[in-house]
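Letter by letter, the chains look like this.
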Protein chains: 4
Amino acid sequence: MVSAVNGYTASKEDLLKRLRRAEGQVRGIARMVEEDKYCIDILTQVSAATKALESVALSLLADHLSHCVAEASAEGGAVAEEKIREANEAIARMVRS
Amino acid sequence: MVSAVNGYTASKEDLLKRLRRAEGQVRGIARMVEEDKYCIDILTQVSAATKALESVALSLLADHLSHCVAEASAEGGAVAEEKIREANEAIARMVRS
Amino acid sequence: MVSAVNGYTASKEDLLKRLRRAEGQVRGIARMVEEDKYCIDILTQVSAATKALESVALSLLADHLSHCVAEASAEGGAVAEEKIREANEAIARMVRS
Amino acid sequence: MVSAVNGYTASKEDLLKRLRRAEGQVRGIARMVEEDKYCIDILTQVSAATKALESVALSLLADHLSHCVAEASAEGGAVAEEKIREANEAIARMVRS
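What you see is a predicted model, and the numbers here were worked out from it, not measured in a lab.

## Some words on the relation of the copies chain B and chain A
Of the two same-sequence chains, chain B is brought onto chain A (RMSD 0.0 Å, axial shift 0.0 Å) by a rotation of 180°. Taken together, the rotation and translation describe the operation of a two-fold axis. Both copies share a contact surface, since 100% of the interface residues of chain B are interface residues in chain A too.

See the structure below:
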(Lines give C-alpha, C1' and ligand atoms only; values in the text may rest on other atoms or scores of the structure.)
Protein backbone atom coordinates (compact mmCIF):
# COMPACT_ATOMS: atom_id res chain seq x y z
CA MET A 1 0.00 0.00 0.00
CA VAL A 2 1.43 3.32 -1.05
CA SER A 3 -0.16 5.12 1.87
CA ALA A 4 2.02 3.08 4.21
CA VAL A 5 5.11 4.44 2.51
CA ASN A 6 4.35 8.10 2.00
CA GLY A 7 1.55 10.61 2.23
CA TYR A 8 2.42 12.84 -0.70
CA THR A 9 1.34 10.56 -3.57
CA ALA A 10 -1.49 12.86 -4.61
CA SER A 11 0.75 15.93 -4.76
CA LYS A 12 3.87 14.21 -6.12
CA GLU A 13 3.85 15.96 -9.51
CA ASP A 14 3.32 19.34 -7.87
CA LEU A 15 6.18 18.71 -5.41
CA LEU A 16 8.51 17.65 -8.22
CA LYS A 17 7.68 20.75 -10.20
CA ARG A 18 8.41 22.99 -7.22
CA LEU A 19 11.65 21.16 -6.43
CA ARG A 20 12.89 21.50 -10.01
CA ARG A 21 12.09 25.20 -9.86
CA ALA A 22 14.00 25.50 -6.56
CA GLU A 23 16.94 23.62 -8.12
CA GLY A 24 16.90 26.14 -10.98
CA GLN A 25 16.82 28.99 -8.48
CA VAL A 26 19.91 27.66 -6.68
CA ARG A 27 21.70 27.19 -10.04
CA GLY A 28 20.74 30.76 -10.93
CA ILE A 29 22.25 31.99 -7.64
CA ALA A 30 25.54 30.24 -8.45
CA ARG A 31 25.51 31.92 -11.86
CA MET A 32 24.96 35.33 -10.22
CA VAL A 33 27.99 34.71 -7.98
CA GLU A 34 30.07 33.65 -10.98
CA GLU A 35 29.07 36.83 -12.83
CA ASP A 36 29.92 39.02 -9.81
CA LYS A 37 26.38 40.26 -9.44
CA TYR A 38 25.55 42.66 -6.62
CA CYS A 39 25.42 40.98 -3.16
CA ILE A 40 21.99 42.33 -2.22
CA ASP A 41 20.44 41.03 -5.47
CA ILE A 42 21.92 37.61 -4.77
CA LEU A 43 20.59 37.69 -1.20
CA THR A 44 17.10 38.40 -2.56
CA GLN A 45 17.32 35.25 -4.67
CA VAL A 46 18.67 33.17 -1.77
CA SER A 47 15.71 34.28 0.38
CA ALA A 48 13.32 33.31 -2.43
CA ALA A 49 14.90 29.84 -2.79
CA THR A 50 14.81 29.34 1.00
CA LYS A 51 11.13 30.29 1.10
CA ALA A 52 10.41 27.90 -1.79
CA LEU A 53 12.08 25.00 0.06
CA GLU A 54 10.29 25.90 3.29
CA SER A 55 7.00 25.80 1.46
CA VAL A 56 7.83 22.36 -0.04
CA ALA A 57 8.60 21.18 3.51
CA LEU A 58 5.27 22.49 4.83
CA SER A 59 3.40 20.66 2.02
CA LEU A 60 5.25 17.41 2.68
CA LEU A 61 4.56 17.67 6.39
CA ALA A 62 0.88 18.51 5.87
CA ASP A 63 0.48 15.44 3.63
CA HIS A 64 2.40 13.35 6.16
CA LEU A 65 0.16 14.40 9.07
CA SER A 66 -3.02 13.94 6.99
CA HIS A 67 -2.07 10.46 5.86
CA CYS A 68 0.72 8.60 7.65
CA VAL A 69 0.15 10.08 11.10
CA ALA A 70 -3.65 10.02 10.84
CA GLU A 71 -3.60 6.35 9.75
CA ALA A 72 -1.13 5.31 12.43
CA SER A 73 -3.15 7.17 15.07
CA ALA A 74 -6.29 5.38 13.92
CA GLU A 75 -4.50 2.09 14.65
CA GLY A 76 -2.93 3.46 17.86
CA GLY A 77 -0.20 1.80 19.89
CA ALA A 78 3.56 2.13 19.74
CA VAL A 79 3.69 2.75 15.98
CA ALA A 80 1.38 5.76 16.33
CA GLU A 81 3.47 7.18 19.15
CA GLU A 82 6.65 6.71 17.13
CA LYS A 83 5.10 8.47 14.09
CA ILE A 84 4.10 11.44 16.21
CA ARG A 85 7.48 11.59 17.91
CA GLU A 86 9.32 11.70 14.58
CA ALA A 87 6.85 14.26 13.16
CA ASN A 88 7.53 16.49 16.18
CA GLU A 89 11.27 16.17 15.63
CA ALA A 90 10.89 17.10 11.95
CA ILE A 91 8.79 20.15 12.91
CA ALA A 92 11.44 21.26 15.43
CA ARG A 93 14.12 21.00 12.72
CA MET A 94 11.99 23.10 10.39
CA VAL A 95 11.24 25.79 12.99
CA ARG A 96 14.90 26.01 14.01
CA SER A 97 16.33 26.12 10.49
CA MET B 1 37.09 48.42 -8.85
CA VAL B 2 35.66 45.07 -7.92
CA SER B 3 34.98 46.19 -4.34
CA ALA B 4 32.43 48.63 -5.69
CA VAL B 5 30.51 45.76 -7.27
CA ASN B 6 30.55 43.08 -4.63
CA GLY B 7 32.14 42.18 -1.33
CA TYR B 8 32.46 38.43 -1.79
CA THR B 9 35.37 38.29 -4.23
CA ALA B 10 37.69 36.66 -1.69
CA SER B 11 35.20 33.90 -0.88
CA LYS B 12 33.76 33.43 -4.38
CA GLU B 13 35.14 29.92 -4.90
CA ASP B 14 33.91 28.81 -1.49
CA LEU B 15 30.44 30.25 -2.16
CA LEU B 16 30.26 28.51 -5.55
CA LYS B 17 31.26 25.20 -3.98
CA ARG B 18 28.54 25.52 -1.33
CA LEU B 19 25.92 26.57 -3.89
CA ARG B 20 26.71 23.58 -6.13
CA ARG B 21 26.41 21.32 -3.11
CA ALA B 22 23.04 22.92 -2.25
CA GLU B 23 21.90 22.45 -5.85
CA GLY B 24 22.85 18.77 -5.58
CA GLN B 25 20.91 18.52 -2.31
CA VAL B 26 17.77 19.93 -3.94
CA ARG B 27 18.18 17.54 -6.91
CA GLY B 28 18.58 14.69 -4.41
CA ILE B 29 15.34 15.71 -2.70
CA ALA B 30 13.48 15.59 -6.04
CA ARG B 31 14.91 12.10 -6.61
CA MET B 32 13.69 10.99 -3.18
CA VAL B 33 10.18 12.23 -4.04
CA GLU B 34 10.32 10.42 -7.39
CA GLU B 35 11.35 7.20 -5.64
CA ASP B 36 8.55 7.55 -3.05
CA LYS B 37 10.95 7.81 -0.15
CA TYR B 38 9.60 8.24 3.36
CA CYS B 39 8.28 11.80 4.05
CA ILE B 40 10.27 12.30 7.24
CA ASP B 41 13.54 11.36 5.52
CA ILE B 42 12.78 13.86 2.75
CA LEU B 43 11.97 16.55 5.33
CA THR B 44 15.36 15.97 6.96
CA GLN B 45 17.05 16.66 3.62
CA VAL B 46 14.90 19.75 2.97
CA SER B 47 15.92 21.15 6.39
CA ALA B 48 19.58 20.47 5.55
CA ALA B 49 19.30 22.25 2.18
CA THR B 50 17.50 25.20 3.80
CA LYS B 51 20.22 25.49 6.44
CA ALA B 52 22.91 25.35 3.71
CA LEU B 53 21.26 28.22 1.81
CA GLU B 54 20.82 30.22 5.01
CA SER B 55 24.48 29.82 5.73
CA VAL B 56 25.41 30.99 2.20
CA ALA B 57 23.20 34.04 2.80
CA LEU B 58 24.92 34.81 6.11
CA SER B 59 28.35 34.61 4.42
CA LEU B 60 27.27 36.88 1.58
CA LEU B 61 25.82 39.38 4.01
CA ALA B 62 28.92 39.32 6.25
CA ASP B 63 31.12 40.02 3.22
CA HIS B 64 28.74 42.73 2.10
CA LEU B 65 28.80 44.52 5.47
CA SER B 66 32.59 44.18 5.77
CA HIS B 67 33.25 45.60 2.32
CA CYS B 68 30.46 47.44 0.52
CA VAL B 69 28.76 48.90 3.58
CA ALA B 70 32.02 49.68 5.41
CA GLU B 71 33.44 51.46 2.33
CA ALA B 72 30.26 53.41 1.69
CA SER B 73 30.10 54.42 5.37
CA ALA B 74 33.69 55.61 5.22
CA GLU B 75 32.61 57.96 2.40
CA GLY B 76 29.33 58.84 4.13
CA GLY B 77 26.43 60.72 2.58
CA ALA B 78 23.37 59.49 0.76
CA VAL B 79 25.09 56.45 -0.79
CA ALA B 80 26.08 55.17 2.67
CA GLU B 81 22.53 55.61 3.95
CA GLU B 82 21.12 53.81 0.93
CA LYS B 83 23.56 50.87 1.39
CA ILE B 84 22.55 50.50 5.02
CA ARG B 85 18.86 50.76 4.21
CA GLU B 86 19.09 47.97 1.62
CA ALA B 87 21.22 45.81 3.94
CA ASN B 88 18.55 46.17 6.62
CA GLU B 89 15.86 45.12 4.16
CA ALA B 90 17.88 42.07 3.12
CA ILE B 91 18.36 41.10 6.79
CA ALA B 92 14.62 41.44 7.43
CA ARG B 93 13.90 39.13 4.46
CA MET B 94 16.37 36.57 5.84
CA VAL B 95 14.98 36.68 9.38
CA ARG B 96 11.40 36.36 8.13
CA SER B 97 12.07 33.53 5.65
CA MET C 1 -12.79 15.35 29.66
CA VAL C 2 -9.66 17.44 29.86
CA SER C 3 -8.16 15.70 26.86
CA ALA C 4 -10.94 17.16 24.73
CA VAL C 5 -9.89 20.67 25.70
CA ASN C 6 -6.14 20.60 25.58
CA GLY C 7 -3.19 18.27 25.32
CA TYR C 8 -0.73 20.03 27.60
CA THR C 9 -2.28 19.16 30.97
CA ALA C 10 0.67 16.99 31.99
CA SER C 11 3.21 19.69 31.22
CA LYS C 12 1.16 22.68 32.36
CA GLU C 13 3.39 23.59 35.33
CA ASP C 14 6.50 23.32 33.19
CA LEU C 15 4.96 25.51 30.47
CA LEU C 16 3.91 28.14 33.03
CA LYS C 17 7.42 28.19 34.50
CA ARG C 18 8.96 28.71 31.07
CA LEU C 19 6.44 31.41 30.14
CA ARG C 20 7.09 33.35 33.37
CA ARG C 21 10.81 33.14 32.66
CA ALA C 22 10.21 34.42 29.10
CA GLU C 23 8.08 37.25 30.50
CA GLY C 24 10.97 38.15 32.82
CA GLN C 25 13.35 38.07 29.86
CA VAL C 26 11.19 40.52 27.89
CA ARG C 27 10.91 42.80 30.95
CA GLY C 28 14.71 42.61 31.29
CA ILE C 29 15.10 43.66 27.65
CA ALA C 30 12.88 46.73 28.23
CA ARG C 31 15.07 47.61 31.24
CA MET C 32 18.20 47.31 29.10
CA VAL C 33 16.69 49.73 26.56
CA GLU C 34 15.72 52.15 29.36
CA GLU C 35 19.27 52.04 30.72
CA ASP C 36 20.77 52.65 27.23
CA LYS C 37 22.58 49.35 27.19
CA TYR C 38 24.63 48.39 24.15
CA CYS C 39 22.50 47.34 21.12
CA ILE C 40 24.32 44.07 20.51
CA ASP C 41 23.87 42.96 24.13
CA ILE C 42 20.15 43.71 23.87
CA LEU C 43 19.93 41.77 20.60
CA THR C 44 21.49 38.75 22.32
CA GLN C 45 18.73 38.85 24.93
CA VAL C 46 16.01 39.27 22.29
CA SER C 47 17.32 36.19 20.46
CA ALA C 48 17.28 34.25 23.74
CA ALA C 49 13.67 35.28 24.48
CA THR C 50 12.60 34.40 20.93
CA LYS C 51 14.22 30.98 21.22
CA ALA C 52 12.49 30.43 24.58
CA LEU C 53 9.07 31.22 23.07
CA GLU C 54 9.79 29.03 20.05
CA SER C 55 10.60 26.17 22.36
CA VAL C 56 7.35 26.69 24.32
CA ALA C 57 5.50 26.58 20.98
CA LEU C 58 7.21 23.31 20.00
CA SER C 59 6.25 21.73 23.34
CA LEU C 60 2.64 22.86 23.02
CA LEU C 61 2.45 21.55 19.49
CA ALA C 62 4.05 18.22 20.41
CA ASP C 63 1.50 17.74 23.21
CA HIS C 64 -1.28 18.78 20.84
CA LEU C 65 -0.28 16.23 18.19
CA SER C 66 0.21 13.48 20.78
CA HIS C 67 -3.17 14.03 22.38
CA CYS C 68 -5.79 16.08 20.55
CA VAL C 69 -4.77 15.14 17.02
CA ALA C 70 -4.06 11.49 17.87
CA GLU C 71 -7.45 11.12 19.60
CA ALA C 72 -9.34 12.85 16.83
CA SER C 73 -7.57 10.69 14.23
CA ALA C 74 -8.51 7.58 16.16
CA GLU C 75 -12.15 8.63 15.78
CA GLY C 76 -11.65 9.79 12.17
CA GLY C 77 -14.12 11.77 10.11
CA ALA C 78 -14.48 15.50 9.62
CA VAL C 79 -13.31 16.43 13.12
CA ALA C 80 -10.02 14.60 12.58
CA GLU C 81 -9.50 16.35 9.24
CA GLU C 82 -10.24 19.73 10.80
CA LYS C 83 -7.77 19.09 13.65
CA ILE C 84 -5.03 18.22 11.20
CA ARG C 85 -5.80 21.21 9.01
CA GLU C 86 -5.54 23.63 11.92
CA ALA C 87 -2.35 21.93 13.20
CA ASN C 88 -0.81 22.39 9.75
CA GLU C 89 -1.75 26.06 9.76
CA ALA C 90 -0.21 26.53 13.22
CA ILE C 91 3.00 24.81 12.04
CA ALA C 92 3.16 27.08 8.98
CA ARG C 93 2.82 30.16 11.21
CA MET C 94 5.65 28.88 13.43
CA VAL C 95 7.97 28.10 10.52
CA ARG C 96 7.31 31.48 8.91
CA SER C 97 7.70 33.55 12.09
CA MET D 1 28.32 60.91 23.43
CA VAL D 2 25.23 58.77 23.41
CA SER D 3 25.81 57.71 19.82
CA ALA D 4 28.93 55.88 20.98
CA VAL D 5 26.85 53.80 23.37
CA ASN D 6 23.78 52.93 21.35
CA GLY D 7 22.07 53.72 18.09
CA TYR D 8 18.44 53.50 19.17
CA THR D 9 18.14 56.77 21.10
CA ALA D 10 15.71 58.27 18.59
CA SER D 11 13.40 55.26 18.71
CA LYS D 12 13.75 54.45 22.41
CA GLU D 13 10.17 55.30 23.36
CA ASP D 14 8.80 53.30 20.45
CA LEU D 15 10.98 50.29 21.38
CA LEU D 16 9.86 50.46 25.01
CA LYS D 17 6.22 50.59 23.97
CA ARG D 18 6.64 47.53 21.75
CA LEU D 19 8.54 45.65 24.45
CA ARG D 20 5.85 46.34 27.07
CA ARG D 21 3.24 45.11 24.60
CA ALA D 22 5.30 41.95 23.99
CA GLU D 23 5.63 41.45 27.75
CA GLY D 24 1.83 41.71 28.02
CA GLN D 25 1.46 39.18 25.21
CA VAL D 26 3.67 36.67 27.02
CA ARG D 27 1.75 37.23 30.28
CA GLY D 28 -1.47 36.70 28.32
CA ILE D 29 -0.13 33.39 26.99
CA ALA D 30 0.62 32.20 30.53
CA ARG D 31 -2.93 33.12 31.53
CA MET D 32 -4.29 31.12 28.57
CA VAL D 33 -2.29 28.09 29.73
CA GLU D 34 -3.55 28.55 33.30
CA GLU D 35 -7.14 28.70 32.05
CA ASP D 36 -6.68 25.57 29.92
CA LYS D 37 -7.35 27.38 26.67
CA TYR D 38 -7.19 25.46 23.41
CA CYS D 39 -3.61 24.63 22.28
CA ILE D 40 -3.99 26.04 18.78
CA ASP D 41 -5.27 29.38 20.10
CA ILE D 42 -2.28 29.58 22.44
CA LEU D 43 0.09 28.75 19.56
CA THR D 44 -1.38 31.63 17.56
CA GLN D 45 -0.53 34.00 20.40
CA VAL D 46 2.99 32.55 20.78
CA SER D 47 3.62 33.13 17.06
CA ALA D 48 2.38 36.73 17.42
CA ALA D 49 4.69 37.38 20.40
CA THR D 50 7.64 35.80 18.56
CA LYS D 51 6.98 38.00 15.52
CA ALA D 52 6.76 41.09 17.77
CA LEU D 53 10.15 40.32 19.35
CA GLU D 54 11.68 39.60 15.94
CA SER D 55 10.48 42.96 14.73
CA VAL D 56 11.98 44.70 17.79
CA ALA D 57 15.27 42.94 17.01
CA LEU D 58 15.17 44.12 13.37
CA SER D 59 14.58 47.73 14.50
CA LEU D 60 17.43 47.58 17.01
CA LEU D 61 19.76 46.12 14.42
CA ALA D 62 18.76 48.69 11.77
CA ASP D 63 19.48 51.52 14.23
CA HIS D 64 22.74 49.85 15.19
CA LEU D 65 23.93 49.58 11.58
CA SER D 66 22.83 53.12 10.75
CA HIS D 67 24.62 54.66 13.73
CA CYS D 68 27.23 52.57 15.59
CA VAL D 69 28.48 50.59 12.61
CA ALA D 70 28.32 53.53 10.18
CA GLU D 71 30.27 55.77 12.61
CA ALA D 72 32.85 53.13 13.38
CA SER D 73 33.29 52.44 9.65
CA ALA D 74 33.80 56.13 9.02
CA GLU D 75 36.71 56.00 11.47
CA GLY D 76 37.91 52.64 10.13
CA GLY D 77 40.53 50.42 11.74
CA ALA D 78 40.21 47.59 14.22
CA VAL D 79 37.19 49.07 16.01
CA ALA D 80 35.22 49.17 12.75
CA GLU D 81 36.12 45.56 11.97
CA GLU D 82 35.12 44.47 15.46
CA LYS D 83 31.74 46.27 15.17
CA ILE D 84 31.01 44.55 11.88
CA ARG D 85 32.08 41.17 13.21
CA GLU D 86 29.75 41.41 16.20
CA ALA D 87 26.88 42.71 14.01
CA ASN D 88 27.33 39.67 11.77
CA GLU D 89 27.21 37.36 14.77
CA ALA D 90 24.02 39.03 16.02
CA ILE D 91 22.43 38.65 12.57
CA ALA D 92 23.36 34.95 12.47
CA ARG D 93 21.74 34.44 15.89
CA MET D 94 18.57 36.16 14.65
CA VAL D 95 18.39 34.16 11.42
CA ARG D 96 18.96 30.89 13.27
CA SER D 97 16.47 31.56 16.09
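## Structural notes on the interface of chain B and chain A
The interface of chain B with chain A comprises 46 residues on the first partner and 46 residues on the second. In this assembly, chain B packs against chain A so that about 4,200 Å² is buried in total across both faces, 67% of it on carbon and sulfur atoms. Three residues stand out in chain B for area buried against chain A, namely Tyr38, Leu43 and Ser97 of chain B, and they jointly supply 14% of the buried area on that side. Where chain B touches chain A, the interface holds six salt bridges. Arg20 of chain A is the salt-bridge partner of Glu34 of chain B, the closest N and O atoms lying 2.6 Å from each other. The interface formed by chain B and chain A contains 16 residue pairs in polar contact (both at pLDDT 80 or more).

## So, the interface of chain C and chain D
Counting from both sides, the interface comprises 46 residues of chain C and, opposite them, 46 residues of chain D. Both sides of the chain C and chain D interface together cover about 4,200 Å² of buried area, and 67% of this is carbon and sulfur. Three residues, Tyr38, Leu43 and Ser97 of chain C, lead the burial of chain C against chain D; their summed loss comes to 14% of the area buried on that side. At the surface where chain C touches chain D, the tally comes to six salt bridges. With a closest N to O distance of 2.9 Å, Asp36 of chain C and Lys12 of chain D form a salt bridge. If you look at where chain C meets chain D, you find 16 residue pairs in polar contact (both at pLDDT 80 or more).

## Considering the side chain of Arg18 of chain B
Residue and element names in this part refer to chain B. Its location among the elements puts Arg18 in helix α2 (residues 12-34). Of the residues examined, Arg18 reaches a relative accessible area of 17% and is grouped as buried. Not counting residues within four places of it along the chain, the set of residues in contact with Arg18 comprises Ser55, Val56 and Ser59.

## Considering a positive patch on the surface
Taken together, Lys51 of chain A, Arg96 of chain B, Arg96 of chain C together with Lys51 of chain D make up a surface patch of like positive charges. Looking at the secondary structure, you find Arg96 of chain B in helix α4 (residues 77-96). For Arg96 of chain B, a relative accessible area of 42% corresponds to the partly exposed category.

## Observations concerning the relation of the copies chain C and chain D
Relating one copy of the chain to the other takes a rotation about an axis and a shift parallel to that axis. For the pair chain C and chain D, the superposition axis carries a translation of 0.0 Å, the fit reaches an RMSD of 0.0 Å, and the rotation angle comes to 180°. Looking at chain C, 100% of its interface residues are interface residues in chain D too, so the copies touch through the same face.

## Description of the environment of Gly28 of chain A
Among the structural elements, Gly28 of chain A can be located in helix α2 (residues 12-34). As for Gly28 of chain A and Val56 of chain A, which are separated by 28 residues in sequence, their C-alpha atoms are 19 Å apart.

## With respect to the packing of helix α3 (residues 39-75) of chain A against helix α3 (residues 39-75) of chain C
Packing of α3 of chain A against α3 of chain C brings their axes to within 8 Å, and their N-to-C directions diverge by 80°. Taken as axis vectors, α3 of chain A and α3 of chain C run roughly perpendicular relative to one another. Between α3 of chain A and α3 of chain C, the contacting residues are Leu65, Ala70, Ser73 and Ala74 of chain A on the first element and Leu65, Ala70, Ser73 and Ala74 of chain C on the second. A breakdown of the residues in the contact of α3 of chain A with α3 of chain C according to their chemical character gives six nonpolar, two polar and no charged.

## Side note on helix α3 (residues 39-75) of chain B
Residue and element names in this part refer to chain B. The first and last C-alpha atoms of α3 sit 52 Å apart over 37 residues, in line with the 54 Å expected at 1.5 Å per residue. Maximum bend of α3: about 35°, positioned at His64. Just past α3, the residue Gly76 takes up positive phi, approximately 75°.

## Overview of the pattern of salt bridges
Should the charged atoms of two oppositely charged side chains come close, the side chains can pair. All names here are of chain A. Applying the stated criterion across every chain yields a total of 32 salt bridges over all chains. A salt bridge links Asp14 to Arg18; the shortest N-O distance between them is 3.1 Å. Taken together, the positions of Asp14 and Arg18, both in helix α2 and four residues apart, correspond to about one turn of that helix. Overall, Asp14 belongs to the partly exposed group, its relative accessible area being 39%.

## Observations concerning α2 of chain A
Between its first and last C-alpha atoms α2 of chain A spans 33 Å; for 23 residues at 1.5 Å apiece the expected length is 33 Å, and the two agree. Just past α2 of chain A, the residue Asp36 of chain A takes up positive phi, approximately 55°.

So, how was this worked out
- Residues numbered from 1 in each chain as written.
- Chains lettered and ligands numbered in written order.
- Predicted model: local features only at pLDDT ≥ 70, side-chain atom pairs only at ≥ 80, totals over all residues.
- Heavy atoms only, no water.
- Least-squares fit on C-alpha atoms with pLDDT ≥ 70 in both.
- Contact = heavy atoms within 4.5 Å.
- Buried area = accessible area lost by both parts, 1.4 Å probe.
- Salt bridge = Lys/Arg side-chain N within 4 Å of Asp/Glu carboxyl O.
- Polar contact = N/O pair within 3.5 Å; in protein donor to acceptor, adjacent residues only side chain to side chain.
- Helix = DSSP H or I, 4+ residues; strand = E, 2+ residues; numbered from the N terminus.
- Buried < 20%, exposed > 50% of the residue type's maximum accessible area, 1.4 Å probe, protein only.
- Patch = residues over 30% accessible without salt bridge, like charges linked within 9 Å, V, L, I, M, F, W, Y side chains within 5 Å.
- Areas by Shrake-Rupley, 256 points an atom, 1.4 Å probe, with all protein chains shown as cover.
- Lys, Arg positive; Asp, Glu negative; His and termini not counted.
- Charge placed at Lys NZ, Arg CZ, Asp CG, Glu CD.
- Axes fitted to C-alpha atoms, helices over the stretch in contact; angles between N-to-C directions.
- Parallel < 35°, antiparallel > 145°, perpendicular 65-115°, else oblique.
- Nonpolar A, V, L, I, M, F, W, Y, C, P; charged D, E, K, R; others polar.
- Expected span 1.5 Å × (residues − 1).
- Bend = angle between axes of the 7 residues up to and from the residue.

Function cannot be inferred from these measures alone, as they are strictly geometric.
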